[in-house]
Amino acid sequence: QVQMVESGGGLVQPGGSLRLSCVASGRIFSINIMAWYRQTPGKPRELVASITAGGTTNYLDSVKGRFTISQSNAQNTVYLQMNSLKPEDTAVYYCKARIATTSHDLGDYWGQGTQVTVSS
């Protein structure tokens, strides 16, 4: 009913920038919150940044000042601008959205993940 499609990952040198995008489509009544997570092998998935429908943002301490989350409500899209990238930012990045498909059905939906590799 709901699809989440990510794009924008890739290989970048330390100090470089990437912009991730994630579009939600399908049966969407409203979107409460959108977020980016990341995961490396053998470690749990961690929240990188989130943004509410009202625009309130939250960031992982290690990315504050370097990453910026934003959204286009009209296009059901969330972005993650990543600057000053470090090798420790290397991970698979996932977007997640808490979406109401009707006035009383609420669920969490995940994207398929996009690889970000920071290496010289």
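A quick note: this is a predicted structure, and the numbers were derived from the prediction, not measured. (Residues numbered from 1 in each chain as written. Predicted model: local features only at pLDDT ≥ 70, side-chain atom pairs only at ≥ 80, totals over all residues. Heavy atoms only, no water.)

Caption draft 1: Quick look at the environment of Gly26. Relative to the helices and strands, Gly26 is located in strand β3 (residues 18-26). Classification of Gly26 by relative accessible area gives exposed; the value is 53%. In this structure, the C-alpha to C-alpha distance between Gly26 and Gln3, residues 23 residues apart in sequence, is 6.2 Å. Setting aside residues up to four positions removed in sequence, Gly26 forms contacts with Gln1 and Gln3. (Helix = DSSP H or I, 4+ residues; strand = E, 2+ residues; numbered from the N terminus. Buried < 20%, exposed > 50% of the residue type's maximum accessible area, 1.4 Å probe, protein only. Contact = heavy atoms within 4.5 Å.)

Caption draft 2: Molecular detail of unusual backbone geometry. Although it is not a glycine, Asn76 adopts a positive phi angle of roughly 50°. Position of Asn76 relative to the elements: it lies in the loop between β7 (67-72) and β8 (77-82). At Ser84, a residue that is not glycine, the phi angle is positive and equals roughly 50°. Here Ser84 shows up in the loop between β8 and β9 (91-100). Classification of Ser84 by relative accessible area gives partly exposed; the value is 42%.

Caption draft 3: Structural detail: the packing of aromatic side chains. Evaluated as defined, the whole model comprises two aromatic pairs. Seen in terms of ring centroids, Tyr94 and Trp110 are 6.4 Å apart; in terms of plane orientation they differ by 80°. Their pairing is edge-to-face. Placement of Tyr94 in strand β9 and of Trp110 in strand β10 (residues 106-110) is noted, with a sequence separation of 16 residues between them. Residue class for Tyr94 comes out buried when judged on its relative accessible area of 14%. What makes Trp110 partly exposed here is its relative accessible area of 37%. For Arg45, the ring lying beneath its charged end belongs to Trp110, and the centroid distance is 4.7 Å. (Phe/Tyr/Trp six-rings, centres within 6.5 Å; stacked < 30°, edge-to-face > 60°. Lys NZ or Arg CZ within 6 Å of the ring centre and 35° of its normal.)

Caption draft 4: Looking closely at the state of the cysteines. Within the structure shown, the criterion is met by one disulfide. The side chain of Cys22 participates in a disulfide bridge whose partner is Cys95; the two sulfur atoms lie 1.9 Å from each other. The sign of the 40° torsion about the S-S bond sets the Cys22-Cys95 disulfide as right-handed. Here Cys22 is found in strand β3, whereas its partner Cys95 is found in strand β9, with 73 residues between them in sequence. Just as Cys22 is buried, Cys95 falls in that class too. (Disulfide = S-S within 2.5 Å.)

Caption draft 5: Spatial organisation of the side chain of Thr77. Its location among the elements puts Thr77 in strand β8. For Thr77, a relative accessible area of 5% gives the class buried. Only 2.8 Å separates the side chain of Thr77 from the backbone oxygen of Gln75, close enough to count as a polar contact. (Polar contact = N/O pair within 3.5 Å; in protein donor to acceptor, adjacent residues only side chain to side chain.)

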